[in-house]
Amino acid sequence: METRSENACFGGTQGVYTHPSSVCACDMTFGLFLPEEARDGPVPLLWYLSGLTCTHENAMTKAGAQAWAAEQGIALVFPDTSPRGEDVADDDAYDLGKGAGFYVNATETPWAAHYRMWDYVTEELPKLLGYHFALDMDRQGITGHSMGGHGALTIAMSLPGRFRSVSAFAPITNPTASDWGRKQLSAYLGSDENTWSPHDATLLMRKNGFDGPMLIDTGTSDQFIDLLKPEALAEAAAARRQQINMRMQPGYDHSYFFVSTFMEDHVSFHAEALWA
């Protein structure tokens, strides 16, 4: 693993690291914020999964999460959203290929060779983090924005016991019924829609739910709200009687201005669960 940068940040350290990924068959980069408490021993970890077109850097520099994580004494990891490299398949559209891994393991050509973001986020990167850094891997929470919110919800509901809490900012909640989903899932996983359902938060809510607290924020002025379909997840959660707080925030859009406004709420929400 190569250290690309380490900067003092709110009493802790914001680092950026690159490592060879056997899962994605390329080099991968992630950001990791460690609070001051990590100097004395392992601290809880909050995952932040980013959205379409993003790298590890967007949320790391725009979300304002480090200040609140430092206050709560928890670490933050910012993975990339897709494999990278000259030999990695891509597409001219912004919502497919590089920057748009959708947190699935692709099975279709040409994507299958590198696009294994599910295994990267749930298996390879956690092992690397636990080995190299002072992190309490028994205390994990997960959040994300847009495509990353989709990833956070689907991963949390698919891995019982892994995460103590899950939240999301403007998540894609019903991708099997949305143009932000059907396009990508068919490209990465093929035409058999039965293979898509494990990556749909609404369908997973009906099937599994989540054994812990959930927090979802979406802006009422989100320009992509018809693609996000928050009402689908709300209906599934109500039918399941899931412990969940779904909030529609008046006037907010899909941007990082929205994310940064409610980041304190989300970090505090996770910290309460992680330190319980």
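Structure's up top.
What counts and what doesn't
- Residues numbered from 1 in each chain as written.
- Predicted model: local features only at pLDDT ≥ 70, side-chain atom pairs only at ≥ 80, totals over all residues.
- Heavy atoms only, no water.
- Buried < 20%, exposed > 50% of the residue type's maximum accessible area, 1.4 Å probe, protein only.
- Helix = DSSP H or I, 4+ residues; strand = E, 2+ residues; numbered from the N terminus.
- Pairing = 2+ DSSP bridges.
- Bend = angle between axes of the 7 residues up to and from the residue.
- Contact = heavy atoms within 4.5 Å.
- Core = buried A, V, L, I, M, F, W, Y, C linked by side-chain atoms within 4.5 Å.

1. Some points on the pairing of strand β2 (residues 12–21)
Looking down a regular strand, the side chains alternate between one sheet face and the other.
Item 1. Across the ten residues of β2, eight count as buried, placing the element largely inside the fold.
Item 2. Hairpin geometry of strand β1 (residues 2–9) and β2 is characterised by an intervening segment of two residues between the two adjacent antiparallel strands and by a positive phi of about 50° at F10.
Item 3. Pairing of β2 with strand β3 (residues 26–34) involves nine bridges; the strand directions are antiparallel. In the sheet register, Y17 faces β3, and the bridge partner there is F30.
Item 4. Here β2 hands over to β3 after four residues, with A25 in that stretch at a positive phi of 55°.

2. Notes on helix α3 (residues 117–132)
Item 1. Taking the largest bend as the criterion, α3 deviates by roughly 35°, centred on L125, and proline P126 comes between one and four positions later.
Item 2. Listing the buried residues of α3 in full gives M117, W118, D119, Y120, V121, T122, E124, L125, P126, L128 and L129.
Item 3. Against β2, β3, β4 (43–49), β5 (75–79), β6 (135–144) and α4 (147–158) lie the buried residues of α3.

3. Section: the nonpolar core
For soluble globular proteins, nonpolar side chains are generally found buried alongside one another.
Item 1. Ranked by size, the top nonpolar core spans 86 residues in total, and within it F30, W47, L129 and Y188 carry the most contacts.
Item 2. Those residues in contact with L129, other than ones at most four positions away along the chain, are F30, L32, L45, W47, V77 and L135.

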